[in-house]
Amino acid sequence: MAAERAPSATGAARVLVTGATGTLGRHVVAALEARRAVGVRVLSRREPPPDTPAHRAWATADLTTDPLEAAVEGVDAVIHLASTKGAGDGDVIGIRRLVDAAERASVRHLVVISIIGCDRIPLPFYATKLQIEAVTRAARVPWSIVRVAQFHSFVDRLVATPASLPLPSPIIADLRFQPVDEREVAERLVEVALGQPRGDAPEMAGPEVLTLVEIAAVWLAESGRAASLVPVPLEAVLGASSAAPPASVAAILEGYRAAENTPHGDRTLGRVRFADWLRQRRDAGQARGHTSGRS
Ligand SMILES: NC(=O)c1ccc[n+]([C@@H]2O[C@H](COP(=O)([O-])OP(=O)(O)OC[C@H]3O[C@@H](n4cnc5c(N)ncnc54)[C@H](OP(=O)(O)O)[C@@H]3O)[C@@H](O)[C@H]2O)c1
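In what follows, the accompanying structure is described. (Residues numbered from 1 in each chain as written. Predicted model: local features only at pLDDT ≥ 70, side-chain atom pairs only at ≥ 80, totals over all residues. Heavy atoms only, no water.)

Thoughts on the overall build of the chain
Okay, so step 1: Broken down by element type, the chain carries 10 helices and 13 strands.
Okay, so step 2: The C-alpha radius of gyration computed for the chain amounts to 21 Å, which stays within 12% of the reference 19 Å derived for 295 residues, consistent with globular compactness.
Okay, so step 3: Each principal axis of the C-alpha distribution contributes one length, and for the chain these read about 65 × 55 × 35 Å.
Okay, so step 4: Within the chain, buried positions represent 46% of all 295 residues. (Helix = DSSP H or I, 4+ residues; strand = E, 2+ residues; numbered from the N terminus. Rg over C-alpha atoms; globule rule 2.2 N^0.38 Å. Buried < 20%, exposed > 50% of the residue type's maximum accessible area, 1.4 Å probe, protein only.)

Some points on the nonpolar core
Okay, so step 1: Residues Val-17, Leu-24, Val-28, Leu-32, Ile-79, Val-185 and Leu-189 are the most contacted members of the largest nonpolar core, which totals 28 residues.
Okay, so step 2: Those elements that provide at least two residues to this core are β1 (13-18), α1 (23-34), β2 (38-44), β4 (77-80), β5 (109-115), β6 (143-148) and α6 (182-194).
Okay, so step 3: Here this core takes six residues from α6, the largest share from any one element.
Okay, so step 4: Once you skip the residues sitting within four places of it in the chain, Val-185 turns out to touch Leu-24, Ile-113, Val-148, Phe-151, Val-180 and Met-204.
Okay, so step 5: Within the second largest apolar cluster, 27 residues are counted, among which are Ile-121, Leu-234, Leu-253 and Val-272. (Core = buried A, V, L, I, M, F, W, Y, C linked by side-chain atoms within 4.5 Å. Contact = heavy atoms within 4.5 Å.)

Quick look at the pairing of β4
Okay, so step 1: Residues Ala-77 and Ile-79 point to one face of β4 and Val-78 and His-80 to the other, with burial holding for every one of them.
Okay, so step 2: For β1 and β4, the ladder comprises four bridges, and the chain directions are parallel. Across the sheet, the residue bridging to Thr-18 is His-80, located in β4.
Okay, so step 3: Relative to β5, β4 is paired through four bridges, and the arrangement is parallel. Residue His-80 lies in a different strand from β5, and its bridge partner there is Val-112. (Pairing = 2+ DSSP bridges.)

A short note on unusual backbone geometry
Okay, so step 1: The residue Ser-106 is not glycine, and still its phi comes out positive at about 55 degrees.
Okay, so step 2: Within the fold, Ser-106 resides in the loop between α3 (90-104) and β5.
Okay, so step 3: Its relative accessible area of 13% is what places Ser-106 among the buried residues.
Okay, so step 4: Positive phi, close to 60 degrees, is recorded for Ala-259, a residue that is not glycine.
Okay, so step 5: With respect to the secondary-structure elements, Ala-259 resides in the loop between α9 (247-257) and β13 (267-269).

Topic: the site of the ligand
Okay, so step 1: Not every one of the 27 residues close to the ligand is listed here, only the nearest: Thr-21, Leu-24, Ser-44, Arg-45 and Phe-151.
Okay, so step 2: Between an oxygen atom of the ligand and a main-chain N or O atom of Thr-23, the distance comes to 2.9 Å.
Okay, so step 3: Protein burial of the ligand: of its 900 Å² of free accessible surface, 91% is covered by the chains.
Okay, so step 4: Where the shell around the ligand is concerned, the elements lending two or more residues are α1, β2, β5 and α4 (124-137).
Okay, so step 5: If one sorts the elements of the shell around the ligand by residue count, β5 sits on top with three residues.
Okay, so step 6: Taken together, the residues of the shell around the ligand break down into 13 nonpolar, nine polar and five charged. (Near = heavy atom within 4 Å. Polar contact = N/O pair within 3.5 Å; in protein donor to acceptor, adjacent residues only side chain to side chain. Areas by Shrake-Rupley, 256 points an atom, 1.4 Å probe, with all protein chains shown as cover. Nonpolar A, V, L, I, M, F, W, Y, C, P; charged D, E, K, R; others polar.)

Have a look at this one:
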């Protein structure tokens, strides 16, 4: 039977964040630290950088190989974001070992991020996410799973990468996304982590569904770059006589065209549109430029 946990000396909730150094994790740490009644512990494979604030606890560990007892000790909730983003065994081994350690440490709440449509789009990485969900559901630690849509930073790369090539580059025009602001996801995960375990929580996506060609139009307008992208409908890609993708890839692309990566049931929607996110990023870059220009 799980041991009773003594409250922390300060009465603050203690939260371990895996993947805390990543794109989303940095916002989760900031959102937790903004709530002053929360003690944050970061888990990373790396040592803490020299500018790490003194109040932030740090556990250096690889989820797949290192002992995790010290990382979970005294923790009330774990927010699990770490991922190699590959379809190999690493992420599944990581969640198994984390669940095991969390059970032994009587952690009260395990919050795991997943991806909307991981059960509908046959991407190998999504199969890994399904396995992670299954391990979480079988855990003896109370849990919440929050499936999330692609981040704005993800769809940004879908356009920025081909747009950076020196030649006109094709994009598949009719793939669909409902991208979401990472900071809003972070706020939502913190809210879930500090509340009662939800099991399968409502999925989270952004405020609008956009095709890739619409995303590219917003991106080009915001960047002021000349169009170097050639929109091609998926039908034309699949019907190409010479370079048609294999059936496994076609099924993945058809899943995105059918918007299987957007919420189908209960949902929480962010408010920040992709255009807002691009503008905020530009403004933040300009503000940083002004600051460094003054020094
Ligand atoms: N990007 C999207 O659009 C999207 C959408 C929905 C859900 N998600 C999910 O959201 C989560 C966070 O995504 P992200 O884009 O923020 O990821 P990211 O920037 O790639 O960061 C990945 C993090 O995982 C940690 N990590 C990787 N392998 C590890 C290991 N073996 N042991 C310990 N830590 C390990 C890394 O920490 P160190 O390098 O410091 O060790 C890093 O902080 C992922 O689970 C992802 O699948 C992403």
